[in-house]
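Below, each chain spelled out in residue letters.
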Amino acid sequence: MEGIKLEDLLTKIQEYNLDNLEEIKKAYHYAEKLHDGQFRQSGEPYIIHPLNVAYILADMHADMDTICAGLLHDTIEDTGVTKEDIAHEFNPTVANLVDGVTKLAKMNFSSKEDQALANTRKIITGITEDVRIIIIKLADRLHNMRTLQYKSSFKQKENSLETMEIFAPLAYYIGAYRIKSELEDLSFQYLKPDLYRKIAGQKKKVEEDYLPTLKEIQTQLKTFLGYENIASDIKVRTKNIYGIYKRLNQGQRLSDIHDLFALKVMVDELVDCYKALGLIHQLYHPVNGKFKDYICNPKTNMYQSLHTTVFAPCDHLVQVQIRTFDMDKIASFGLTAYWDSKPDCARDIMQKELKDKYQFYNSLMEMNAMFGNNQEFVSQVKRELFSETVYVYTTKGDIIELPKGSTPIDFAYRIHTDIGNTMAGAFVNDELVPLNYVLKNKDRVRIITDELSFGPRDEWLEYAKTASARKRIREFCHR
Ligand code: MN
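Here's what I pulled together on the structure shown here. No experiment lies behind these values; they were computed from the predicted model shown. (Residues numbered from 1 in each chain as written. Predicted model: local features only at pLDDT ≥ 70, side-chain atom pairs only at ≥ 80, totals over all residues. Heavy atoms only, no water.)

1. Digging into the overall build of the chain
Along the chain, the regular secondary structure elements total 23 helices and ten strands. The principal-axis extent of the C-alpha atoms belonging to the chain is close to 70 × 65 × 45 Å. The buried share of the chain, reckoned over its 479 residues, is 52%. Taking the contacts inside the chain whose residues are at least 6 apart along the sequence as the reference set, 65% of them involve residues at least 24 apart. Mean positive and mean negative side-chain charge positions of the chain (63 and 69 charges, respectively) differ by 4 Å. (Helix = DSSP H or I, 4+ residues; strand = E, 2+ residues; numbered from the N terminus. Buried < 20%, exposed > 50% of the residue type's maximum accessible area, 1.4 Å probe, protein only. Contact = heavy atoms within 4.5 Å. Lys, Arg positive; Asp, Glu negative; His and termini not counted. Charge placed at Lys NZ, Arg CZ, Asp CG, Glu CD.)

Dropping the structure here:
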């Protein structure tokens, strides 16, 4: 939202929080004074940028410290002010957040210098201490991407690439799908403008074709759910342009993408999700093998929903996603949903959930403990967390996230060191595979162990992709 003013921010905040407005005004005027005389490439006064960042945060119902930090986020970097000044003027939490965001801006994955690498490591491990630093940085990047048209074409490409490599994955890891989708599409638009336009045009055509069908199902579902006394809200959700591009890249045709448009059915209670599912399957014939229960098996970023694809009128296949309103909040906003649902203790819950449930946090901590060398740590984080991933299943149905190119050896060590060390073979989808088999999405993996096996051999190092597997193989082979 361009052209917003302090009043708009205050109005937005008042939608969910009635006190502390004085502190927000103070932060705004403090930042405005410090940035006085600085301008954005668009020609506007610089304060427009932090104001928009704060607005994006207020839209997520962020707490007051976070919004203050959003307003102040560029002051350490661009003006003479220090962390101590901000702590003194506001409070130590705000100062810590601003300082964290400033450091995150200096993160450099490609530098070879030791000092820069050590710095990058500190930043990566530091962001996990307060996840709000990541969220402010994402809001900052989002506004910068939305206003990228004022930058040189070199800067546009450079920022887009960095957004695609680092910030869209970060948004994904904390489950902030809305931000992730927008960041991806904005970057894609600058990286491949022709392709972006072409896909957007095709999507629009299919949309016109599908919309009447979607509306029809929507009305019918709403009515039938009403008969069962299940209150619901049903929305059309469309795949983002970059998401479509990835599918086309895997060789699918646009018409094969069955979740291009989906109907999102939201209900109050968990039991109603399954009732709604039964109802939908009675009304429309389900496509066999397309049903997924992400409620019982949440994704690694805690996304929960039921997915089914049904034969809809006019020969259309339509995906229906069913979830509770609470699950939908997590699906759209990830960890940041707690600002809205648990405003009094959101920060603590966010940190606890991050540690307990989000796989990326644990991978990061594991790598941090494993690598003494900064270069090894940084390049492994880049390879494992910021390159493409595959999702495979255990025999129990748990979902395991691994970097692209991983093999059954990586899988075995991810489950447990002993499983890796006694591994004798692997079945993927009930077929015996060689140990250098490259895992694909949705593979169901079963590891055969044998107490009397020879254990890992040196050649396994060539097959293993993850740091943890490689380290354990080395330990075993050289003891
Ligand atoms: Mn900024």
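2. Overview of the pairing of strand 8 (residues 423-428)
Across five bridges, the pairing between strand 8 and strand 10 (residues 445-449) is antiparallel. Looking at the pairing, Val428 lines up with Val445 of strand 10. Counting the residues in the hairpin turn of strand 8 and strand 9 (residues 431-433) gives two residues, including Asn429, whose phi is positive at 50 degrees. (Pairing = 2+ DSSP bridges.)

3. Structural notes on the side chain of Asn159
Of note, Asn159 is situated in helix 10 (residues 153-173). On the basis of relative accessibility, which here comes to 14%, the residue Asn159 falls in the buried class. Look past the residues within four positions of Asn159 in its chain and what remains in contact with it is Arg141, Met145 and Leu148.

4. Points about the coordination of the manganese ion
Protein-derived coordination of the manganese ion comes from His49 (NE2), His73 (NE2), Asp74 (OD) and Asp140 (OD), at a distance range of 2.2 to 2.3 Å. Counting residues between consecutive donors of the manganese ion along the chain gives the motif H-x23-H-D-x65-D. Taken as a pair, Asp74 in the loop between helix 4 (64-72) and helix 5 (75-78) and Asp140 in helix 9 (residues 132-146) lie far apart in primary sequence, 66 residues in all. When sorted by exposure, Asp74 lands in the same class as Asp140, which is buried. (Donors = N, O, S within 2.8 Å, 3.2 Å for Na, K, Ca; no water.)

5. Things to note about the packing of aromatic side chains
Any aromatic ring pair is given by two values, namely how distant the centres are and how the planes are angled relative to each other. One pass over the structure, following the stated rule, counts twelve aromatic pairs. Seen in terms of ring centroids, Tyr172 and Tyr173 are 6.1 Å apart; in terms of plane orientation they differ by 65 degrees. Their pairing is edge-to-face. What makes Tyr172 buried here is its relative accessible area of 15%. Put simply, the rings of Tyr172, Tyr173, Tyr177, Tyr294, Tyr303 and Phe360 pair up and form one aromatic cluster. When the ring centre of Phe377 is taken as origin, the NZ or CZ atom of Arg121, which lies over that ring, is 4.4 Å away. Note that Arg446 overlies the ring of Phe427, its terminal NZ or CZ placed 4.7 Å from the centroid. (Phe/Tyr/Trp six-rings, centres within 6.5 Å; stacked < 30°, edge-to-face > 60°. Lys NZ or Arg CZ within 6 Å of the ring centre and 35° of its normal.)

6. Re the side chain of Ser468
Counting through the fold element by element, Ser468 comes out in helix 23 (residues 467-477). Its relative accessible area of 6% is what places Ser468 among the buried residues. Sequence-distant contacts of Ser468, that is, excluding residues within four places in its chain, are made with Glu366 and Met370.

7. Regarding the packing of helix 2 (residues 21-34) against helix 4
In a pair of packed helices, the angle between the axes and the distance between the axes together describe the arrangement. Where helix 2 contacts helix 4, the two axes come as close as 8 Å, and the packing angle between them is 15 degrees. Taken as axis vectors, helix 2 and helix 4 run roughly parallel relative to one another. Here the hand of the crossing between helix 2 and helix 4 comes out right-handed. For the pair helix 2 and helix 4, the contacting residues are Glu23, Ile24, Ala27, Tyr28, Tyr30 and Ala31 in the first and Met64, Ile67, Cys68, Leu71 and Leu72 in the second. Of the residues belonging to the contact of helix 2 with helix 4, the class tally is ten nonpolar, no polar and one charged. (Axes fitted to C-alpha atoms, helices over the stretch in contact; angles between N-to-C directions. Parallel < 35°, antiparallel > 145°, perpendicular 65-115°, else oblique. Left-handed = near helix turned anticlockwise from the far one by under 90°. Nonpolar A, V, L, I, M, F, W, Y, C, P; charged D, E, K, R; others polar.)

8. Some remarks on the sheet that holds strand 5 (residues 316-324)
Ordered in space as 1-2-5-4-3, the five strands form an open sheet in which the pairing is mixed. Strands with a single pairing partner mark the edges of an open sheet, and in this sheet they are strand 1 (232-238) and strand 3 (292-293).

9. A few points about the nonpolar core
Leu9, Ile24, Leu57, Ile67, Leu72 and Ile86 are the most contacted members of the largest nonpolar core, which totals 91 residues. Residue contributions to this core peak at eight residues, all from helix 9. Each of domain 1 (6-187) and domain 2 (194-334) contributes no fewer than three residues to this core. Of all hydrophobic cores here, the second largest spans 36 residues; its members include Leu221, Leu263, Ala276 and Ile322. (Core = buried A, V, L, I, M, F, W, Y, C linked by side-chain atoms within 4.5 Å. Domains from an automatic or database assignment.)

10. Looking at the pattern of salt bridges
Counted according to the given criterion, the structure contains 26 salt bridges. As a salt-bridge pair, Asp233 and Lys235 come within 3.4 Å of each other at their nearest N and O atoms. By relative accessible area, which is 42% here, Lys235 ends up partly exposed. A salt bridge links Glu366 to Arg472; its shortest N-O distance comes to 3.5 Å. Of this pair, Glu366 sits in helix 18 (residues 359-370) while Arg472 sits in helix 23, placing them 106 residues apart in sequence. Residue Glu366 is classed as partly exposed on the basis of its relative accessible area of 31%. Via salt bridges that share partners, Asp63, Asp130, Arg132 and Arg347 belong to a single interconnected network. (Salt bridge = Lys/Arg side-chain N within 4 Å of Asp/Glu carboxyl O.)

11. Notes on the sheet that holds strand 8
Strands sit in the order 9-8-10 across an open sheet of three strands; the sheet is antiparallel. The strands lining the two open edges of the sheet, one partner per strand, are strand 9 and strand 10. Between one strand axis and the next, the sheet turns through 35 degrees on average, direction left out of account. In the sheet, strand 8 pairs with strand 9 via three bridges, with the strands oriented antiparallel. Bridge pairing in strand 9 links Phe427 to Leu432.

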